[in-house]
Amino acid sequence: MSLALLPSKAIRRSPRPQSLPVLDFLAPNWTSWRPVTQKARIATSAPNTSTNPPSKPLTKSQKEYLDSALRVNQAGELAAVLIYTAQTPPLTRAHPHLRPLMTHMYEQEAGHFAVFNTLLAKHRIRPTAMYPVWSVAATALGWGTALMGREAAMACTEAVETEIGGHYNEQVRVLLEWADERRKEGHTLGAELEELLGTLRRIRDEELEHLDIAVENDAKEARPYELLTDVIKGGCRAAIWVTERV
Amino acid sequence: MATSTRLARTLTRSSLRSLSKPPTTRRYHAADSPPPPPFSPAESAILSAALAHVPANGFTSTSLRLGARDAGYLDASTNLFPRGAFDLVNYYLVTQRLALKDSVQFPAESAGGGARIGVGKKVRTLALARLRANAEVGVVGRWGEALALMAQPTLLPASLAELARLADEMWFLAGDTAVDASWYTKRASLATIYSATEVFMTQDQSTGFKDTERFLDARLEDGMRVGGFLGGVGEWVGYTGHSLVNVLRSKGVRI
Ligand SMILES: [Fe+2]
Ligand SMILES: [Fe+2]
């Protein structure tokens with residue numbers, strides 16, 4: 001529904017072909033994507049995906065990796081939702097034409113947050129112990145940058161999405177690596193992880209779309225651009241580091 | 001009584017501390033492939049046989065030795081269990097926790113007809129079922145010994161991790177899917193309430209452990225009232241933090 005309100009720039013970009021890993025060239029071992037996607041398509045078209053378990057159980061370290069990666073993802077999406085919630089009123093008051101764009105990005109973030117909430121509950125992963133702290137920090141960041149103006153708010157989005165997009169991309173790369181290893185041994189990844197891979201790709205593409213939107217809306221004009229984006233990027237990296245652990 | 005109350009206090013006080021430090025044994029649960037069994041066939045054979053001796057011989061190395069003999073193993077095979085009697089306690093705790101999902105069944109939500117059971121009610125049912133197992137297996141009279149073993153400094157971390165897993169299992173089976181800051185406070189309060197009730201039960205002389213049931217209900221009610229259960233401190237802080245802006249906005253403050 002909100003799509004109808006979007007300026008043509010965003011409409012042109014948003015219906016990215018989601019089943020095609022168009023941005024996997026960002027993941028270093030991109031050569032391995034082809035067979036995986038074919039399997040993923042089969043898996044997603046099957047009505048009952050839960051009946052296709054991996055032909056070899058996950059190792060302890062793989063489970064630990066997923067545990068911390070999904071926890072970080074949930075925390076990141078919580079932060080994204082809160083940043084946009086805090087940014088929207090001051091920003092759209094000053095620049096009403098940004099409202100559809102902000103709504104579009106907010107709705108996507110709310111969707112991402114819901115995806116990871118479901119995944120955490122399903123796989124019995126604890127949320128980060130820093131949950132209340134991140135909540136306060138994200139709100140302060142969103143509100144603060146919105147008060148600094150449109151360019152600063154967009155620079156905030158640009159900085160956050162650069163880190164987050166890279167982070168999702170790293171996870172896609174790891175899952176592709178697992179798929180590759182398994183294929184060599186004649187094993188499969190299983191429907192659950194195929195589905196996760198698809199989800200991570202879709203969300204990564206949407207994050208990178210936010211990054212494009214921010215740049216098109218003069219994120220680079222923010223002053224002091226370097227300081228602002230460096231501080232926010234550093235903050236994101238620190239938050240990811242902490243969340244991977246607690 | 002004095003000893004077990006002291007133990008309970010140690011357990012509950014440090015359970016809060018250890019829960020704030022996440023247990024390292026938690027991991028991604030693959031929903032499509034079951035986890036491997038926690039004990040080897042030999043361990044299971046010996047420990048389950050040993051458990052039958054607990055009502056008479058307690059959580060002791062004697063029970064362990066008798067169990068090994070019953071299961072057809074040499075006495076020396078108790079070397080399998082470096083933590084001695086504690087391994088027997090641990091076996092009991094783990095198997096009872098894993099048995100909960102089969103011993104308590106809630107009607108499917110989609111079945112219609114019957115009224116929906118709240119998560120709080122389900123948690124109560126699960127806690128009672130788990131407590132009742134202590135009576136059914138006949139370990140209630142020996143539970144003081146188990147607590148004494150569990151509270152030993154070198155074994156306390158393992159005991160608390162298992163207590164945390166029990167609380168997590170109960171919230172999971174009750175269908176609680178919240179993954180916000182209340183995740184921690186819920187598990188910490190349930191672990192505290194459960195272990196306090198378990199200690200109370202060792203002293204309960206009433207028929208059918210009616211007093212224990214009342215004790216549990218009173219603690220759960222306290223939990224609801226203080227808000228440690230559903231509106232935990234962490235959740236409150238986080239919620240207040242980010243909703244402060246929204247509240248001010250709703251009051252017409254233009255921020
Ligand atoms: Fe997102
Ligand atoms: Fe985003």
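What you are looking at is a predicted structure, and each value in this text was computed from that prediction instead of being measured.

Caption draft 1: Spatial organisation of the overall build of chain A. A tally of regular secondary structure across chain A gives eight helices and zero strands. The secondary structure elements of chain A, listed N-terminal to C-terminal, are α-α-α-α-α-α-α-α. Scored against the burial criterion, the 246 residues of chain A give a buried share of 53%. Summed over all atoms, the accessible surface of chain A reaches about 10,700 Å², with 62% contributed by carbon and sulfur.

Caption draft 2: Structural detail: the coordination of the iron ion (ligand 2). Residues and elements named next belong to chain A. Taken together, Glu109 (OE), Glu161 (OE), Glu207 (OE) and His210 (ND1) make up the full set of protein donors to the iron ion (ligand 2), lying 1.8 to 2.4 Å away. Classification of the site at the iron ion (ligand 2) as tetrahedral follows from its four donor atoms and the range of 88 to 122° in their angles at the metal. Positions of the donor residues of the iron ion (ligand 2) along the chain correspond to the pattern E-x51-E-x45-E-x2-H. Between the iron ion (ligand 2) and the iron ion (ligand 1), both coordinated by Glu109, there is a metal-metal distance of 3.7 Å. Residue Glu207 and its partner His210 are both found in helix α7 (residues 191–216); the two are separated by three residues, about one turn of the helix. Each member of the pair Glu207 and His210 is classed as buried.

Caption draft 3: Molecular detail of the coordination of the iron ion (ligand 1). All names here are of chain A. Protein coordination at the iron ion (ligand 1) comes from Glu77 (OE), Glu77 (OE), Glu109 (OE), His112 (ND1) and Glu207 (OE), with a distance range of 1.9 to 2.6 Å. Mapped onto the sequence, the donors of the iron ion (ligand 1) take the spacing E-x31-E-x2-H-x94-E. Classification of Glu77 by relative accessible area gives buried; the value is 1%. The buried category is assigned to Glu109, whose relative accessible area is 0%.

Caption draft 4: Geometry of the environment of B:Val199. Within the secondary structure, B:Val199 sits in helix α9 (residues 182–202). Between the alpha carbons of B:Val199 and B:Val140 there is a distance of 9.3 Å; along the sequence they are 59 residues apart.

Caption draft 5: Geometry of the UniProt feature "binding site: Fe cation 2" (unreviewed entry) in chain A. Residue and element names in this part refer to chain A. Here, UniProt's "binding site: Fe cation 2" (unreviewed entry) annotation points to Glu109, Glu161, Glu207 and His210. These residues run over 102 residues, yet every pair of their C-alpha atoms falls within 11.4 Å of each other. Those residues within four positions of Glu109 in sequence are excluded, and the remaining contacts are Glu77, Ala80, Val81, Tyr84, Glu161, Glu207 and His210. Among all residues touching Glu207, those that are not within four sequence positions of it are Glu77, Glu109, His112, Glu161, Ile164 and Tyr168.

Caption draft 6: How the structure looks around the packing of helix α3 (residues 60–94) of chain A against helix α4 (residues 99–122) of chain A. Residues and elements named next belong to chain A. The contact between α3 and α4 brings their axes to 8 Å, and the two run at 155°. As summarised for this structure, α3 and α4 are arranged roughly antiparallel, according to the angle between their axes. Read as a crossing pair, α3 and α4 show a hand that is left-handed. Tallied by class, the residues present in the contact of α3 with α4 amount to 14 nonpolar, eight polar and four charged.

Caption draft 7: Quick peek at the UniProt feature "binding site: Fe cation 1" (unreviewed entry) in chain A. All names here are of chain A. Within this structure's numbering, the places UniProt gives as "binding site: Fe cation 1" (unreviewed entry) are Glu77, Glu109, His112 and Glu207. A stretch of 131 residues holds the annotated residues, and the largest C-alpha distance among them is 10.4 Å, short enough that they meet in one place. With respect to the helices and strands, the residue Glu77 is situated in helix α3. Apart from the residues within four sequence positions on either side, Glu77 is in contact with Glu109, His112, Phe113, Phe116, Tyr168, Ile203 and Glu207. If you trace the backbone, Glu109 turns up in helix α4.

Caption draft 8: Quick look at the packing of α3(A) against α7(A). Residues and elements named next belong to chain A. Axis separation between α3 and α7 bottoms out at 13 Å; the angle between their running directions is 35°. Between α3 and α7 lies a crossing whose hand is left-handed. Together, Leu66, Leu70, Asn73, Glu77 and Tyr84 of α3 and Leu193, Leu196, Leu200, Ile203, Glu207 and His210 of α7 make up the contact between the two elements. Its residues assigned to classes, the contact of α3 with α7 comprises seven nonpolar, two polar and two charged.

Caption draft 9: View of the side chain of B:Thr212. Residues and elements named next belong to chain B. Secondary-structure assignment places Thr212 in helix α10 (residues 210–226). Given a relative accessible area of 2%, Thr212 falls into the buried group. Beyond its immediate sequence surroundings of up to four residues, Thr212 is in contact with Leu131, Thr197, Phe200, Met201 and Asp204.

Caption draft 10: Spatial organisation of the nonpolar core. Ranked by internal contacts, the top residues of the largest apolar core, which has 57 residues, are A:Leu66, A:Leu70, A:Trp178, A:Leu193, A:Leu196 and B:Tyr28. Only α3, α4, α5 (131–148), α6 (150–184), α7 and α8 (225–245) of chain A together with α9 of chain B provide two or more residues apiece to this core. Per-element accounting of this core gives the leading share, 15 residues, to α6(A). With near-sequence residues (within four places) excluded, A:Leu70 lies in contact with A:Phe116, A:Leu119, A:Leu120, A:Ile125, A:Leu196 and B:Tyr28. Counting residues in hydrophobic clusters, the runner-up holds 27 residues, among them B:Leu47, B:Ala85, B:Tyr91 and B:Leu155.

Caption draft 11: Representation of helix α4 (residues 61–70) of chain B within the structure. Residues and elements named next belong to chain B. Those residues of α4 that sit buried are Ser63, Leu64, Gly67 and Ala68. Across the axial projection of α4, the buried residues extend over an arc of 135°, all falling on one side. Of the surrounding elements, those touching the buried residues of α4 are α2 (41–51), α3 (54–57) and α5 (85–103). Gly72 sits one or two positions beyond α4 and adopts a positive phi of about 85°.

Conventions and cut-offs
- Residues numbered from 1 in each chain as written.
- Chains lettered and ligands numbered in written order.
- Predicted model: local features only at pLDDT ≥ 70, side-chain atom pairs only at ≥ 80, totals over all residues.
- Heavy atoms only, no water.
- Helix = DSSP H or I, 4+ residues; strand = E, 2+ residues; numbered from the N terminus.
- Buried < 20%, exposed > 50% of the residue type's maximum accessible area, 1.4 Å probe, protein only.
- Areas by Shrake-Rupley, 256 points an atom, 1.4 Å probe, with all protein chains shown as cover.
- Donors = N, O, S within 2.8 Å, 3.2 Å for Na, K, Ca; no water.
- Tetrahedral: all angles 85-135°; square planar, octahedral: opposite > 155°, others 65-115°.
- UniProt positions renumbered as here; feature names shortened; annotations may be inferred.
- Contact = heavy atoms within 4.5 Å.
- Axes fitted to C-alpha atoms, helices over the stretch in contact; angles between N-to-C directions.
- Parallel < 35°, antiparallel > 145°, perpendicular 65-115°, else oblique.
- Left-handed = near helix turned anticlockwise from the far one by under 90°.
- Nonpolar A, V, L, I, M, F, W, Y, C, P; charged D, E, K, R; others polar.
- Core = buried A, V, L, I, M, F, W, Y, C linked by side-chain atoms within 4.5 Å.
- Arc of directions from axis to C-beta.

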